[in-house]
Amino acid sequence: MANTNKNLNNFYNSNKFLGSFSSYKDIPSSVIEIECCFIGRSNVGKSSLLNAITKNRKLAKTSKTPGRTLSINVFEINNKLNIIDLPGYGFAKVSKTVRENLIILIEDYIKNRKKLDHVFLLIDSKVGIKNSDIDMLDFLNNCSKKFSVVLTKIDKISANHMEFQKKSILSLMKNYRETFQNIYFSETKKNKGINEIQKIIYGFYKQNEI
Ligand code: GDP
């Protein structure tokens, strides 16, 4: 067990920010053949999750101000796998045009990026599922993209509330039987649930390697 965790940490230890791109078409080609992405409403905790996975607090910029990231951020892990941090959707305080352009950017990437193997849709456990999440779930389902849900910031809710959120999300997932894979729970300050997410992402790379 200790060795497995050490191997995982070694794997994620080598990480770098490749850049920010305003379209998937602008991402430079590379030898890396597989990637997964994080999507979710603005401020859901995508950057914090990425930093917790890589144990690099400076890798992705976290922010208290929602709606800051407006581009596709590419992070290379161990020269073997990309993790993509997509802009947050559903942020009310930007113009309608900006919101629409963001959705186009996200959907274009998800629909057309051949390397994309898995989508992690993050939900803030205190906020729960919103209409903009349902739109995204429907979109993923319509383009047959496999996805998992990560319920973030679980330190902010009680155990009972977490059970409630889990049950309601799993019930909703009955609508997405073909594409929904799993549900994870995370808390980045005490690293809860991080190891499990590290393992699953590492597994995607390993599967592709065979
Ligand atoms: P992003 O916009 O989705 O990338 O979200 P960030 O990672 O920048 O996080 C938004 C805010 O949520 C920041 O103030 C983070 O410190 C906070 N946050 C992220 N993860 C957690 C968590 O697990 N627990 C708590 N309590 N706060 C978190």
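Here is what the cut-offs are and how they apply
- Residues numbered from 1 in each chain as written.
- Predicted model: local features only at pLDDT ≥ 70, side-chain atom pairs only at ≥ 80, totals over all residues.
- Heavy atoms only, no water.
- Helix = DSSP H or I, 4+ residues; strand = E, 2+ residues; numbered from the N terminus.
- Buried < 20%, exposed > 50% of the residue type's maximum accessible area, 1.4 Å probe, protein only.
- Contact = heavy atoms within 4.5 Å.
- Expected span 1.5 Å × (residues − 1).
- Arc of directions from axis to C-beta.
- Pairing = 2+ DSSP bridges.

Moving on, we come to the environment of Tyr205. Counting through the fold element by element, Tyr205 comes out in helix 6 (residues 194–209). Assessed through its relative accessible area of 9%, Tyr205 is described here as buried. For the pair Tyr205 and Lys80, spaced 125 residues apart in sequence, the C-alpha to C-alpha distance is 7.2 Å. Excluding residues within four positions of it along the chain, Tyr205 makes contact with Phe11, Ile34, Lys80 and Leu81.

Along an α-helix, residues three or four apart share an orientation, since each turn contains 3.6 residues. Taking 1.5 Å of rise per residue, 17 residues should cover 24 Å, and helix 3 (residues 96–112) covers 24 Å from first to last C-alpha, within 8% of that figure. Burial in helix 3 covers these residues: Leu102, Leu105, Ile106, Tyr109 and Ile110. Along helix 3, the residues classed as buried sweep out an arc of 120° about the axis, all on the same side. Residues Lys96, Thr97 and Lys111 are exposed on helix 3 and point more than 90 degrees away from its buried face. On its buried face, helix 3 sits against strand 2 (35–40), strand 3 (72–77), strand 4 (81–85), strand 5 (116–124) and helix 4 (131–142).

For Lys6, the position within the fold is in helix 1 (residues 2–13). For Lys6, a relative accessible area of 53% puts it in the exposed group. Sequence separation of Lys6 and Ser48 is 42 residues, and the distance between their C-alpha atoms is 21 Å.

In terms of residue burial, strand 3 counts as a mostly covered element, since 6 of its 6 residues are buried. Side chains of strand 3 alternate between two faces, with Ile72, Val74 and Glu76 and Asn73, Phe75 and Ile77 buried alike. Judged from the 6 bridges that link them, strand 1 (residues 15–21) and strand 3 form a sheet pairing that is antiparallel. Paired with Phe21 across the bridge in strand 3 is Ile72. Of the pairings in the sheet, the one linking strand 3 to strand 4 comprises 5 bridges and is antiparallel in character. Across the sheet, residue Ile77 finds its bridge partner in strand 4, namely Leu81.

Turning our eyes to something else, we now look at helix 5 (residues 159–172). For helix 5, with 14 residues, the first-to-last C-alpha span of 20 Å sits near the 20 Å given by 1.5 Å per residue. Of the positions making up helix 5, those classed as buried are Gln165, Ile169 and Leu172. Looking straight down helix 5, one finds that the buried residues subtend no more than 60° of arc, so they occupy a single side. Exposed side of helix 5, more than 90 degrees from the buried face: Ala159, Asn160, Phe164 and Lys167 are the residues found there.

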